[in-house]
Structures are given as C-alpha cells and as structure tokens.
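The lines below spell out each chain.
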Amino acid sequence: MQTISKILEIKFRRAFNQLDIPEDSPILLVEASKPEFGDFQINGVMGIAKKLKLNPRDLAQKVIDNVELSPEISKLEIAGPGFINIILDDNYLATYISNLNHENRFGAQLQMGKTKTVVIDYSSPNLAKEMHVGHLRSTVIGDCLASVFEYMGHKVIRQNHVGDWGTQFGMLIAYMIERIDDGTFEHDISDLEEFYRKAKVRFDEDATFADTARRYVVILQNWKNEGTEGEKVHNYWVSFKNASLEHCQEIYNKLKIKLTHEDIAPESMYNDALDNVINVLENKHLINVSNGAKCIFFADGELSGGETTPYIVQKQDGGYLYSTTDLAAIDYRVNQLKGDRVLYVVDARQGFHFKQLFIVGEKAGYTTKDTSLEHVAFGTMTNEDGKPFKTRTGGTVKLIELINEAVIRAKKIVLERNPDWNESDREYLANVLAIGAIKYADLSKNRESDYIFSFDKMLAFNGNTAPYLMYAYTRIQSLLRKLYLARSSFDVFDFAPDVLPVHGVAYQKHQISSSLSMEVRIDEEFFKQTKIKLTEKSEHKLALQLANFSDCLYMTAKECYPHYLCQYLYNLSVNFMQFYESCSILRAESMEIKNSRILLAHLTAQIIKTGLGLLGIETVERM
RNA sequence: GCAUCCGUAGCUCAGUUGGAUAGAGUGUCAGUUUCCGAAACUGAAGGUCACAGGUUCGAUCCCUGUCGGGUGCACCA
C-alpha cells in the first residue's frame, strides 16, 4: 500500500512507457488547482508533446487511452491545452481511508522507505544570558521538524548546541566568585539577565576585575593542568551553566518543547577536538596565514560571490573561534552520529557563515557524497512596524515574558467566553491556547521570510490559527461524546445502544480531574464493522484530504517547511467544517451513512490532533 | 562595493522542479440558528503579482536591467 499520488504516478508512468515516452519525462502529478478540475491533475503532457513535436491534446488522449482506470479512477478528462484531470473513485477512496489509522501513522509510515538519521541542531541558546525572543523561532521550528521526522520513522538526533564558551564566561565566573566572597550570591541566579548586566558593569569599570576575568578564561581552557584554582574555576563554571540550563528547561517545559538534558551538546564539548581540526586542514593544505590568523581562502566562483572573505579558524593569538567548533561539530555529527541529513535551524543572517562552513567541511573530508548539510534558515521576528522585536526602551525581550504575556491575554479571552468554568479549567485552556497560538503563528508562515509578531493577531481566535484547528477538533469530540451515555463521572462510557454496536473507550490523558482532557475514542470493533461510504461532494473532498496526510508530511520533511503541515491542517479543518454543515451526522438518512460519517469525523479529529501534536501544539476536549 | 533575501488585495500571508479565470484569512457589506458547538458556515466587493524588457503554446515563478526595502561581509557567536 502506498500513497494515492504514488499509485497514480505509477499508473501514468506505465501508460507513458507504452507510448514510448522517455522515462525521464516528468509526469507532474499535482493536486488539482481547483475543485472543478477533479482531485489530481497531470501537467506533464504539454511539455512532453512539445519535445516530441506532437499535438498536446492528442497526446493527452493517447495517454488516457492507455491508463487502466479501475479501481482507483472513476474518470479522466482532457482540459485546456492538454491537462489531464483525474477524478478518484468514491469506493476506492473510501476503502483507502478506511485503512488509515494510528498503527500505520495515518499512512505516514508508507513513506519510510529508506530510514535516515537526521541530526537537528536547534534552539541553541547562549548560556551567558537568559533565552530571549530571538530563540523562539529556532526552538519552535526545530522541535516541529524533529517530531515530523520521527513520526515518519526516521532516526532523529537532537543537538542543542548551547553556547557555554567564550570570554563572557570568565567575566561571569569572576563576578560570581566576588558575590560569593561578599556573601550576596543567590544560588539560583534568578535573574540571569540582571546578573550579566552587573558583571559587565564590573568588567568595564574595574581593570583588576577585567584581568581576573580574562585570566579565568585561560584557566578554564587548561583547567586540568591548573591545580586547585583551575578546579575551583571549573566547578563554578559548571554550576553557572547548570543554573542557566535550568532557566532553559523551564522555558522548554512551558512551551512543551521536547528538548531534554540528553540533547545538550554544548560548544565546550568540542574543545578537545579543535587542535585536530587545524591539523586536518593543514594536512590538506587548506590553510593560509593572513595577518597572523589561520584562514581558508576560496577560489573565484566557489562561493558565487564574497570569495574575498576568508574563513578564519584560528586567531593570531592562537585562540579558536566558533568556525573551528562548527567544523568539529560537522565531523561529530557526520562521522560519530552518522547523520544522513544534518540540519541547522539557525537565523538566516548566518547564511554566509554556513555557506563557507559547508564548503570547508567538505574540503576537510568530514562529509561524504551521501550526507546533506542544510541550513534551515528563518527570518527575523519583528514588531508591527517591521522593526526588530524589542522592548520600548530598546532592550531584548525575555522569552519568558513573552510567554507570560500571551497567557495573560489568553486568560482574559477564556474568561469572557467561559465565565461559568472553574478557575483551574480556565487556566489550563488559557495555557494551551497561548502556547499553541505562539507556535502556530510562527510555524504557519514560510520560515524564510521575516515575520511580524502580533499578540492581537495570533490570539484573534479565528482564521488560520491554532484556536481554529483546536475548535474543529473539539467540535468533533463533542459530537462523539453525544454518541455515548455516561456510565460514571469520568472514565468509562457506553455507547448509546441504538447508535453503535460495540463498546467505546474513554480515558484520561492528564492527571487533572477535568473533562477538558477526557478523550473519547472509537474502538477497533467499530472500525472493523463500519464501511465508509462517500455520497456527498463534501465527503469526497474531506476523504481526499485525509488521504493526503502522508504526502503533506513528506513534503514538510523534504523541504523542512512546517507551514506546509499548517496549511494542510487548516484545509482539512475547513473541509471538515463544510462537510459538517452540509451533512447531518446524527440525523443521517440511514444507519449505514451515519456510521460512515462518524468514522470520517473521528478520523479527521485524529489527524488534526496528530498533526497539531507534530507542530508541538496540544489539544483540549472542550473549549 | 560584493553577496543574499524580499516586494502578491487596505492589513497578515499562501502559491510544491513554469500550468487553466493568481488563492486564503482578516477587515468591509449582505445572508444563515425550532436541527450534531455561530470561536461556525454561505455570498459580494477588493489585484498593473514593484516597474521595464526577454525566453515560449503558456511567466507571480526562469534570464537581464531599473526602483524600493531587509540582512550579511577578517580574527564576537
């Protein structure tokens, strides 16, 4: 069993072969651009006709004559200058989506084919400071992509390449020790930003302090040989890092980001490998010394511009740079972790650096022909004037503040909508909505363009937003709940006997005692005994969209574009709403159709929930 | 200066190796609740795809140029 688009492609390729059309001619099978053009369309015939100097409509007709319709296709039509429109057979489509379920990941497993190892570098905050809004996109986009790859059956290795190295840390440790000595140090370092600011002030105003700070950096680098002071400085460094990582983890927990301690691969991890990076480059005669710095220069055309800027791997004072670390990281990710695709979810402004890095990495021999290093670039987050997102005074906005603000606003809205709810339910919903809104607003836009952040727009609760998708889901769940009679307060339900023939199950996902998180599911027996029947147009449309889930995931993963998945889920929800408005379920004309529609609704809910889950967005059962 | 990304409806955005009459949402206006959740659905209006050439059956997409904007370019990360 394969995706419908793949099956159609094979069918048409066979027809092409019978007409002696070269194997490398593209079929160009795509989803129909408009409903009146059917379900799929073939765009390739016109190009081929031109190449072979044939009349495109005649060729299209010949192709159609050679395609075996049954059982997938109900009708083929020639349209315009030589398009072929494909209308799928209702029975076939119905059977196809009947086979979509959790076990085969709604068809996504079909794409597994070759399992790849995907290394994803994302989030990667600097531990010297608290996470700020600039870290949001990398964190959210990277986490989504990791989930998608995993869901499709690939092996995913997350790499949180946190910044725990560099001159700032000498300064921070010096300040930390100073505070400990005068007894004013707080061990949790509750406000890292403030701590950094004060350390910087000390660094700038006091030359002795600055010298100490610089000395600590050197000590840190060689601490194993620096005796007890080295050990002391090293230990403070470790404890500072841990404090900072706790801040990060707090954010990850709030945002439901899957990163854990296991995924942390700090810059310092590569320290011992840096000498060797230089050796490798030198052995390959790639290094030139310029102004005392070790550089790699590029040949004309190698970078398609910007070749005059060298890639510096060692400063004149002997120190290494992030460019050196990044090379060591390539070696590790490709040769230790065995990554087939190595993704860097990093700001687009670092595009030039990655362009250079990947070329040098290849020259150094760290990559193979089969490895793909990819800069998954994203644009800058701006305010509503299109300017970088800053506080009124021009400072950086802490990520935690942005999250809290979104929750506060969501709470207000929930209170207006559901004044009769209890406090804990409202709070729970507000959290899910706020986090979902933040993530969806980001993920639903093409990651490569700059993105205007607006609380008002993302919390608008209508249109292409997380709340709309969540609403579609709750509407279906509400419908399914109606099909059950409550037997006890929360956990077990019976089907109403005249509706469904078998037992259903309901269970609680979370520990909180609330119907918000009580999910109703239809059990396997019902699936087995119910046949989907597509009679109405809106049912056909919905079914087609359900069938295309795995194609959507495939494209999302291929291009690393989460907005493909968002667009898909939005369209699915719209299709469902239209179906829901035009086809009565509870009052369907027959039991057969009623049960079929219940299954359609159920399947829709499950795919919305799964899709949102891949975006990192939770669902609720009521809202 | 070189490089790079962008310019699509009032606003926010889609547009999958070049495909049919360029699509959504929002906002505006007009409809739809004795019926499964109106946080919904239906319809109308809204466009010189920045501009000018070129390539071809066909260009928002590819090429050239112009205008306007963002970003990056030697020892920070």
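Going by the structure above, here's the rest.
Residues numbered from 1 in each chain as written. Chains lettered and ligands numbered in written order. Predicted model: local features only at pLDDT ≥ 70, side-chain atom pairs only at ≥ 80, totals over all residues. Heavy atoms only, no water.

**Student:** So what about the packing of aromatic side chains? Which residues, and what values?
**Tutor:** Using the criterion set out here, one finds 19 aromatic pairs in the structure. Ring geometry for Tyr344 versus Phe354: centroids 5.1 Å apart, planes at 50°, classification tilted. Residue Tyr344 is located in strand 10 (residues 341-347), and its partner Phe354 is located in helix 12 (residues 351-363); the two are separated by 10 residues in the primary sequence. Of the two residues, Tyr344 and Phe354, neither departs from the other in class, the shared state being buried. Judged by centre distance (5.4 Å) and plane angle (35°), the rings of Phe576 and Tyr580 are tilted. Here Phe576 pairs with Tyr580, and both are found in helix 20 (residues 562-582), just 4 residues apart, close to one helical turn. What makes Tyr580 partly exposed here is its relative accessible area of 24%. Taken together, Phe169, Tyr175, Phe185, Phe195 and Phe240 form an aromatic cluster joined through their ring pairs. Taking the ring centre of Trp421 as reference, the NZ or CZ of Arg622 above it sits at 4.8 Å. (Phe/Tyr/Trp six-rings, centres within 6.5 Å; stacked < 30°, edge-to-face > 60°. Helix = DSSP H or I, 4+ residues; strand = E, 2+ residues; numbered from the N terminus. Buried < 20%, exposed > 50% of the residue type's maximum accessible area, 1.4 Å probe, protein only. Lys NZ or Arg CZ within 6 Å of the ring centre and 35° of its normal.)

**Student:** Give me the protein's contact with RNA strand B: which residues, what numbers.
**Tutor:** Around RNA strand B, a shell composed of 67 residues is seen, among which Phe83, Thr309, Lys315, Tyr322 and Tyr580 lie nearest. One of the side-chain N or O atoms of Thr309 is found 2.4 Å from a sugar or linking oxygen in RNA strand B. Between a phosphate oxygen of RNA strand B and a side-chain N or O atom of Gln578, the distance comes to 2.8 Å. Sorting the residues of the surface near RNA strand B by element identifies helix 2 (44-51), strand 4 (83-88), strand 8 (293-296), strand 13 (451-452), helix 16 (466-482) and helix 20 as the ones contributing at least two each. With 8 residues, helix 20 is the single largest residue contributor to the surface near RNA strand B. (Near = heavy atom within 4 Å. Polar contact = N/O pair within 3.5 Å; in protein donor to acceptor, adjacent residues only side chain to side chain.)

**Student:** Talk me through helix 6 (residues 167-181); I want residue IDs and the actual numbers.
**Tutor:** The terminal C-alpha atoms of helix 6, which comprises 15 residues, lie 22 Å apart, in line with the 21 Å expected from a rise of 1.5 Å per residue. Along helix 6, the positions that sit buried rather than exposed are Phe169, Gly170, Met171, Leu172, Ile173, Ala174, Tyr175, Met176, Ile177 and Arg179. Buried-residue contacts for helix 6 involve helix 7 (192-205), helix 8 (207-221) and helix 9 (227-255). (Expected span 1.5 Å × (residues − 1). Contact = heavy atoms within 4.5 Å.)

**Student:** Break down the sheet that holds strand 8 for me, citing the residues and quoting the values.
**Tutor:** Reading across from one edge, 7-8-9 is the order of the 3 strands in this open sheet, with antiparallel pairing throughout. Looking along the sheet, the strands with just one partner apiece sit at the ends: strand 7 (287-290) and strand 9 (311-314). For this sheet, the mean angle separating the axes of adjacent strands, direction not counted, is 45°. Pairing of strand 8 with strand 9 involves 3 bridges; the strand directions are antiparallel. In the strand pairing of strand 9, Lys294 is matched with Gln314. (Pairing = 2+ DSSP bridges. Axes fitted to C-alpha atoms, helices over the stretch in contact; angles between N-to-C directions.)

**Student:** Lay out the environment of Lys256 with the relevant residues and their values.
**Tutor:** Within the secondary structure, Lys256 sits in the loop between helix 9 and helix 10 (274-283). Spatially, the C-alpha atoms of Lys256 and Ile617 are 8.0 Å apart, while their sequence positions differ by 361 residues. If we ignore the near neighbours within four places in the chain, the residues touching Lys256 are Asp143, Lys439, Gly616 and Glu618.

**Student:** Which residues make up the side chain of Arg13, and what are the values?
**Tutor:** Residue position: Arg13 is located in helix 1 (residues 4-18). Among the residues examined, Arg13 registers a relative accessible area of 16% and is labelled buried. The contact partners of Arg13, leaving out residues within four places of it in the chain, are Pro22, Glu23, Ser25, Pro26 and Ile27.

**Student:** Break down the sheet that holds strand 2 (residues 40-42) for me, with residues and values.
**Tutor:** For sheets, the rule is that strands pair by backbone hydrogen bonds, running either parallel or antiparallel. Strands sit in the order 1-2-4-3 across an open sheet of 4 strands; the sheet is antiparallel. Among the strands making up the open sheet, the edge pair consists of strand 1 (29-31) and strand 3 (73-79). Adjacent strand axes in the sheet meet at a mean angle of 25°, parallel and antiparallel pairs treated alike. Relative to strand 2, strand 1 runs antiparallel, the two sharing 3 bridges. Bridge pairing links Glu31 to Phe40 in strand 2. In the packing of helix 1 onto the sheet, contacts are made with strand 1, strand 2, strand 3 and strand 4, and the angle to strand 4 comes to roughly 130°. Running over the sheet, helix 3 (residues 56-66) touches strand 3 and strand 4 and is turned about 170° from strand 3.

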